[in-house]
Structures are given as C-alpha cells and as structure tokens.
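Chain and residue survey
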Amino acid sequence: MRQVLAGHGASRGSALGRARVRLPHALEVAEETIPAERVDAELDRLHEAITTVRAEMHALRQRLHGALAHEVGEFLDLHALLLDDPELLQGLDDLIRKGRYSADYALRLQRDRLAAVFTGIDDPYLRSRLDDVDQVIGRLHAALHRREAELQGIAGDILVTDNVSPAELAQLHAQGVMAVVTAGGSALSHTAILARSLHLPLVVGVAQALQKVNDGDVLAVDGGSGLVVLEPDADDLRAHRERVREIKRERRQLNRLRREPSRTLDGADIKLWANAESREDVAEAHALGAAGVGLYRTEFLFLNRSELPDEETQFRAYRDAVLGMTGRTVTIRTLDLGADKADGTGLALRGEPNPALGLRGVRLSLARAEVFDAQLRAIARASGYGPVRVLVPMVSAREEVLAVRRRLQRIVRRLRGEGHAVAETIPLGAMIEVPAAALALPGFVGVVDFLSIGTNDLIQYLLAADRNNEALGELYTPLHPALLRLLRDVIRIGARRGRPVAVCGEMAGEARYTPLLLALGLTELSLHPATLLEVRRGIRGCDLGALRRDAPALLRARDRAAIERWLERHRPAV
Ligand code: PEP
Ligand code: MG
C-alpha cells in the first residue's frame, strides 16, 4: 500500500527501484534451542550458509573493477579470512552441538562473545575489527535465511538500512547501488558529503524506514526533498518521471555556465574553488572551470584500507590531483581522521568517549609524527608538479600552526637535499572550524598564508549541536546570529591582514546561502563540483553592492526567522 515516508534529503537525485533492506548489525535473534535429533541438520544448514557466503564473496571479488576495486577487494579478503577462522567455526559448531542452539542463535552468541573480547582490547586497530566480524556474521545470517547477502546483486536496488559509514558507502557505490535510505544519519555527515560527491541519492532520518519497508518493495526516492514513496501509485510515477526530466533540464541549463565567469551583476569576480575527494572530483572541477581545488580531503585515501597508505601511494594521489588541475592551485588538507571519519587502519581511535572533541585532525597528526611526516613529504613532493597549498584541519591554537609550519619547512629542506623538485613556496593555511580559532585569530593570522572556514564543524562546535545527530533538527543551522557574526569577524580579520579567506563547508555549496556569504564580505567559496554551477548561477544573479549595503540588517537579525526573511529579500535573480 502506498505510503510516504519523510526524511531529509542528503544527496540530490531521484531513484525508482526495489528496496533491499539491511537490518542493523546487532542480530535480533531470540534464544532458540533445538532437539538433539535436529543437531546434524542444523550443522548442515550452517555449513551450507558458510559455503554460500564464501562463493558470494569470491564472485564479488571477481566482478570488482575500476577505481574502488583495490580498497573494496581488501575488505573482502579480510572477510574471507574471518570466514575461514577455525576458532569462529569451531565455536559455532560447539554452540549447536553442545549447547543445542539454533544456527541463528549460535551466530548471535558467537557475535556477542567476540564483541566482548574485541571491546576489551586496548589496541584500537584490533578493536575496530569488530565491524568486520559483524559484517561476516551478517552475511552468514542472511545466507541462513536464503536471502542473498547484501553485497550480492545489490546493483540497481535501493538500500534501506539504519546507517551507513563513509567506507561502506564507497563500497555500495562500487557495487552499483542506486540510492540509499537510512533511518538514522544526518545530511551533514561525511557519509552525506561522500554521497554528494558520488552523485548517489541519499535520504537520511527516515525514522520508520526499517519498520515499513520490506525487501522487494518498490520505492521512489527523492534525494532533494527527502521524501520516499513506498509502493508509488500512478501519480507518483508520473511525478518521478517529471523530476528526472526536470533534473536533466536543469543540468542542461547549468551546463551553459561551464565557461562563464563567476561574476556578480555589478561585475565583481568571486573565486569558486572546488572541494574534491577523488580523481573524478578533480576532473569534474577542472571541466567546470573551478579556480582550483580549495579543499582536497585526504582522509578518503585512508578509508577502506587495512594499512596506512605509504608516502608513495599518497604522493601519486596528490600528484595526480595537481596534474589534473593543469596549473590551477590544489589545496591539500592534511589528514582529518577522527570523529565520524574512522579509518580501517586503526589510526583514528575508536571508542573515544567524545570523538568530536577527541584526537582528530591536526591533533592526531601531531600525535603521530611518522604518519604526518609521510603525508607532508608526499604533499611537498606533489608541489613539484604544480601549485599546492597545505591546509590544516581542526586548528584550535597558534602553537599547532607553528608546529606544522616547522615540520613542513624541515621536510622541504630534506626533500631538496634528496634531490626532489619542491615548489619554491607552499602556502600554509588553517581551517577555521573551532570557535577558539576564530576568536583567537588576531593572534595567529600573521603565521598563516590563508584561511578556510569549515562551517560544518564550526556550526557544530559553536552551537553545541552534533552535525551527525538528526534528532537535533533545526538546532544545527548556519542561520544563527552567532555564526554570522563569527563569519563576519573572520572575514574582516583576513581582509585587514591580506590573508585570503574562503568558506569550504557545505554551506558554500548551497546557492540559497550565496547572497548571505557575499554580504558578509566573502569573495572565495570552495564547494563540491556537484553544485558549483548552481552557485555560479546564484552569484551571477547577485548585486554585490546592494548585498554589502544590506549586511548590517543581516547582522542585526536576532533569530533564524529574521535571517530567513533577509535571505528571502535577497534571492538571486536567476
Ligand atoms: C568543515 O568542517 O566545514 C569542513 C569542510 O571539514 P569536514 O566537513 O571535512 O569536517
Ligand atoms: Mg571539518
């Protein structure tokens, strides 16, 4: 029966397809014992499931190709090893044979036992392997019920689940999933950022998704409005077709702006940089005429791997980004692992009591000197191939910037001594995403070459509102007077001291906020290529003089509603 499930659009695009439901990892299996005469049959059932999963994983490994094959392949190899683990298998057999438990309940018990062991391990890398155990157990459970395991044949389907990590999303995309609907999650999470980068429709916060949707149900997903229609009727199907046509029409229109300048109605040029996570993003940024890459998120190189990428691997990735931009500057952000960006290598700690306030970004880099040095060497070497800037995430104090600058200088000297070509200058910038950095900026603007405001985190830390917690609803918003004032101050300090300032958070990629950012004095934006043309269109419809003249009214706004009214008055003429 038709039902509309409302969530939040996190990555635009429309998809019509069959649902594939993946229940949360924790197995909801009730205790079930079996009579002695069923033990052998139950063991056969389990072993058959194990054989099925082995075959599925082997088949998937064979099918993988393209950019993500390497990373996803490593995942699968690890899972195959787990599946062959004699202790895991013996434990399951014993539970069925001696405990007389059903295969399902044996899986659940074995999972809980392993979880208890893993969570007690000190080593963060080993502790993080529990996720892999969960995935293998989940596949076995699916096979026991003769459902295809989720990794098999999901191409063309819409995944419905509780939540997805960035690493899983990359994997799902490689497998050809059409769209993802999650019961939890947030539009500001790194998973959402990655989904937008991959052009994969994503709707988050559909609270009822797991209760209402069953495997095989047809869904019409609108990643823009956040509406998911279960068993769409004729009107919905027409609306879906119309949306797809509209998206195509809009894309054609926007494509005409590829070679146009990002110039306001009164002739001011705004610098549009691109945010990039991958080679594809760099290619797109180049094709769309981005001024350069304003934020290259290096942590995506570290996800989906069981070992840290070495200097050479990183160097090749950064060099390729630099070459891909053919002489336009590439701003490489040093590693920003931690919080919701946990890697597979165990570098970012898991189980921190307050991960968003923990060892993330530059804090982690400074704590792991050997990892940081390898990255800085790779970046400095890439600078031999074209202009590169280094951007430091999660800066909260002057000392951090100085420590990075010293390290970078030392590394550049050493590389030159080794005979590497390194650019004459590598500008060093700080992300302004911790309120303390914004407030203390007058004290350290002199030691940076440029600034980039990370509004995603700045909003979270300023408003004490978790960017990943959908339950906070509108408490997490860029439309808060405190944020506007802080932005104005940072932009002003940068301008006075001759340090370029950009905004590189998701806010920069939303055309409806463009007038607000321009009014506050911003002349540089860094955003994902997916929305670059839309923002360019917005800029071309803005009168910068008029916006700046009305900035005082914006800064006087006392609440969100007043800011919304200001935005309404200054909608770009498109
Ligand atoms: C930000 O915080 O605004 C930002 C750009 O960094 P990230 O989203 O990667 O944390
Ligand atoms: Mg950030």
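Residues numbered from 1 in each chain as written. Chains lettered and ligands numbered in written order. Predicted model: local features only at pLDDT ≥ 70, side-chain atom pairs only at ≥ 80, totals over all residues. Heavy atoms only, no water.

1. Some remarks on the environment of Val330
Looking at where Val330 falls in the secondary structure, it is placed in strand E11 (residues 330-333). In this structure Val330 comes out as buried when scored by relative accessible area, which is 0%. Counting along the chain gives 39 residues from Val330 to Ala291, while the straight-line C-alpha distance between them is 9.4 Å. Once residues within four sequence positions are removed from consideration, Val330 is found in contact with Val293, Tyr296, Ala321, Val322, Met325, Pro387, Val388 and Arg389. (Helix = DSSP H or I, 4+ residues; strand = E, 2+ residues; numbered from the N terminus. Buried < 20%, exposed > 50% of the residue type's maximum accessible area, 1.4 Å probe, protein only. Contact = heavy atoms within 4.5 Å.)

2. Focus on the coordination of the magnesium ion (ligand 2)
Those protein atoms acting as donors to the magnesium ion (ligand 2) are Glu433 (OE) and Asp457 (OD), and they sit at 2.0 to 2.1 Å. On the criterion of sequence distance, the pair formed by Glu433 in the loop between strand E13 (428-432) and helix H16 (435-439) and Asp457 in helix H18 (residues 455-462) is long-range, its members being 24 residues apart. (Donors = N, O, S within 2.8 Å, 3.2 Å for Na, K, Ca; no water.)

3. Concerning helix H10 (residues 234-255)
Across its 22 residues, H10 extends 32 Å between first and last C-alpha, which sits within 8% of the 32 Å expected from 1.5 Å per residue. The complete set of buried residues in H10 reads Asp236, His240 and Leu254. Buried positions in H10, seen along its axis, are confined to an arc of 65° and lie on one side of it. Residues of H10 that are exposed and point over 90 degrees away from its buried face: Asp235, Lys248 and Arg252. Contact partners of the buried residues in H10: strand E3 (14-22), strand E8 (227-230) and helix H21 (532-540). Two to three positions downstream of the cap, the backbone nitrogen of Asp235 sits 3.1 Å from a side-chain oxygen, assigning the N-cap of H10 to Asp233. (Expected span 1.5 Å × (residues − 1). Arc of directions from axis to C-beta. Polar contact = N/O pair within 3.5 Å; in protein donor to acceptor, adjacent residues only side chain to side chain.)

4. Focus: the domain arrangement of the protein
Note: interface size is frequently given as the accessible area lost on complex formation between the parts. In terms of domain boundaries, the protein breaks down into domain 1 (3-18 + 157-253) and domain 2 (256-569). For domain 1 versus domain 2, the distance between C-alpha centres works out to 27 Å. Counting from both sides, the interface comprises 22 residues of domain 1 and, opposite them, 23 residues of domain 2. Taken over both partners, the interface formed by domain 1 and domain 2 buries close to 1900 Å², and the fraction arising from carbon and sulfur atoms is 47%. Here domain 1 and domain 2 share three salt bridges between them. The tally of links from domain 1 across to domain 2 stands at seven residue pairs in polar contact (both at pLDDT 80 or more). Only helix H7 (166-174), helix H8 (190-198) and H10 provide two or more residues apiece to the side of domain 1 that touches domain 2. Among the elements that line the side of domain 1 that touches domain 2, the one with the most residues is H8, at five residues. When the residues that make up the side of domain 1 that touches domain 2 are grouped by side-chain class, the tally is eight nonpolar, ten polar and four charged. (Domains from an automatic or database assignment. Buried area = accessible area lost by both parts, 1.4 Å probe. Salt bridge = Lys/Arg side-chain N within 4 Å of Asp/Glu carboxyl O. Nonpolar A, V, L, I, M, F, W, Y, C, P; charged D, E, K, R; others polar.)

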